[in-house]
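An overview of the molecular structure
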Amino acid sequence: MAQLAKLQVQLEVKCSAQSFYEIFRSKQHLLPKVCPELIKDIKVIKGDWESLGSIKQWAYNVPAGNCEAAKEALEAIDDENKRLTFKILDGEITKYYKNVKSTIQVTGKDEGGSSVKWTLEYEKQNEDLPEPIKYLDLFPVLTKSVEAYLNNNA
């Protein structure tokens, strides 16, 4: 039986934790503009851009160049610790992995800038499947694009 597993990536960015967090907290509609090579489209299906339980439909490119789609719900909000958790409800990834969640946590650093930690939780549909590295690889591209956007539009 497959077990719940986690993959993580942590990156340093040269922008404030609050401004970085706000992009994912309430301004996801900017992501196709911020990172057009990765995020093709994102729209609200239920709720709004920032309320718990809101559902969004994403169209995005994976590293192999294929365009995929996913529906996700905002499952947890922790504004104090600048942490958000999204649950994947449907899409290509759910054909291979179940109980998929992504979490972002942004922490300010004393010397300036911020640390961004992405966690991908998942359960394989069967043990023969590889780790979902191609999905984890999306996070550094997205992070660096948001950092560049914030630094160019400060």
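Preceding block: the structure.
This structure is a prediction, so every number in the text was calculated from the model and none was measured. (Residues numbered from 1 in each chain as written. Predicted model: local features only at pLDDT ≥ 70, side-chain atom pairs only at ≥ 80, totals over all residues. Heavy atoms only, no water.)

Regarding empty space enclosed by the protein
Formally: Both cavities and pockets are sets of points on a 1 Å grid over the protein atoms alone; in a cavity a 1.4 Å probe fits but cannot get out, in a pocket the set is open with protein on both sides within 12 Å along at least five of seven lines, and lining residues sit with an atom within 4 Å of a point. Grid points are joined across faces, edges and corners, and a volume is the space filled by probe spheres set on the points. For the purposes of this entry, the term helix denotes a DSSP run of H or I that reaches at least four residues, the term strand denotes a run of E that reaches at least two, and both are numbered from the N terminus.
Under the defined criterion, the tally for this structure stands at 1 cavity of 30 Å³ or more. Space inside the largest cavity adds up to approximately 330 Å³. Surrounding the largest cavity, 19 residues form its lining, W58, I88, S102, L138 and F139 being those nearest its centre. Every element with two or more residues in the lining of the largest cavity is listed here: β3 (55–61), β4 (67–78), β5 (83–91), β6 (97–108), β7 (114–124) and α4 (138–152). Residue contributions to the lining of the largest cavity peak at 3 residues, all from α4.

Considerations on unusual backbone geometry
Positive phi values are uncommon outside glycine, yet K82 reaches one of about 50 degrees. One can find K82 in the loop between β4 and β5. In this structure, N99 takes a positive phi of about 55 degrees despite not being glycine. Relative to the elements of secondary structure, N99 occurs in strand β6.

Observations regarding the state of the cysteines
Condition: Any pair of cysteine sulfurs within 2.5 Å is marked as a disulfide. The cut-offs for exposure are 20% and 50% of the maximum accessible area for each residue type, with area from a 1.4 Å probe on protein chains only; residues under the lower value are buried, those over the upper are exposed, and the others partly exposed.
For the structure on display, the rule yields 0 disulfides. Take C15: it sits in no disulfide, and the sulfur closest to it among the cysteines is that of C35, at 14 Å. The exposure class assigned to C15 is buried, which follows from its relative accessible area of 9%. Here C67 stays unpaired: no disulfide links it, and the sulfur of C35, its closest cysteine neighbor, is 13 Å away.

Structural notes on the packing of aromatic side chains
The line we're drawing: Whether two aromatic rings pair depends on their centres lying within 6.5 Å, for rings of Phe, Tyr and Trp, where Trp uses its six-membered ring; planes under 30 degrees apart make the pair stacked, over 60 edge-to-face, and the rest tilted.
Per the stated rule, a full pass over the model turns up 4 aromatic pairs. A centroid spacing of 5.6 Å and a plane angle of 35 degrees characterise the contact between F20 and F24, whose relative ring orientation is tilted. Pair noted here: F20 and F24 are both in helix α1 (residues 17–26), with a separation of 4 residues, about one helical turn. Considered together, F20 and F24 belong to a single accessibility category, that of buried residues. Geometrically, the ring pair formed by Y97 and Y122 is edge-to-face, given 5.6 Å between the ring centres and 85 degrees between the ring planes. Pair noted here: Y97 is in strand β6 and Y122 is in strand β7, with a separation of 25 residues, a long-range link. Y122 carries the same exposure label as Y97, and that label is buried. A network of ring pairs unites the aromatic residues F20, F24, W118 and F139 as a single cluster.

Digging into the pattern of salt bridges
The following threshold applies: In the sections that follow, a salt bridge refers to a side-chain nitrogen of Lys or Arg positioned within 4 Å of a carboxyl oxygen of Asp or Glu.
By the definition in use, this model includes 12 salt bridges. Measuring nitrogen to oxygen at the nearest pair gives 3.3 Å for the salt bridge that ties E68 to K134. Taken together, the residues span a long stretch of sequence, with E68 in strand β4 and K134 in helix α3 (residues 133–136) at a distance of 66 residues. Under the relative-accessibility criterion, E68 is labelled buried at 8%. For K134, a relative accessible area of 34% translates into the label partly exposed. One salt bridge in this structure joins R83 and D78, with 3.0 Å as the shortest N-O distance. Several salt bridges share partner residues, and in doing so they unite E12, K109 and E111 into one network.

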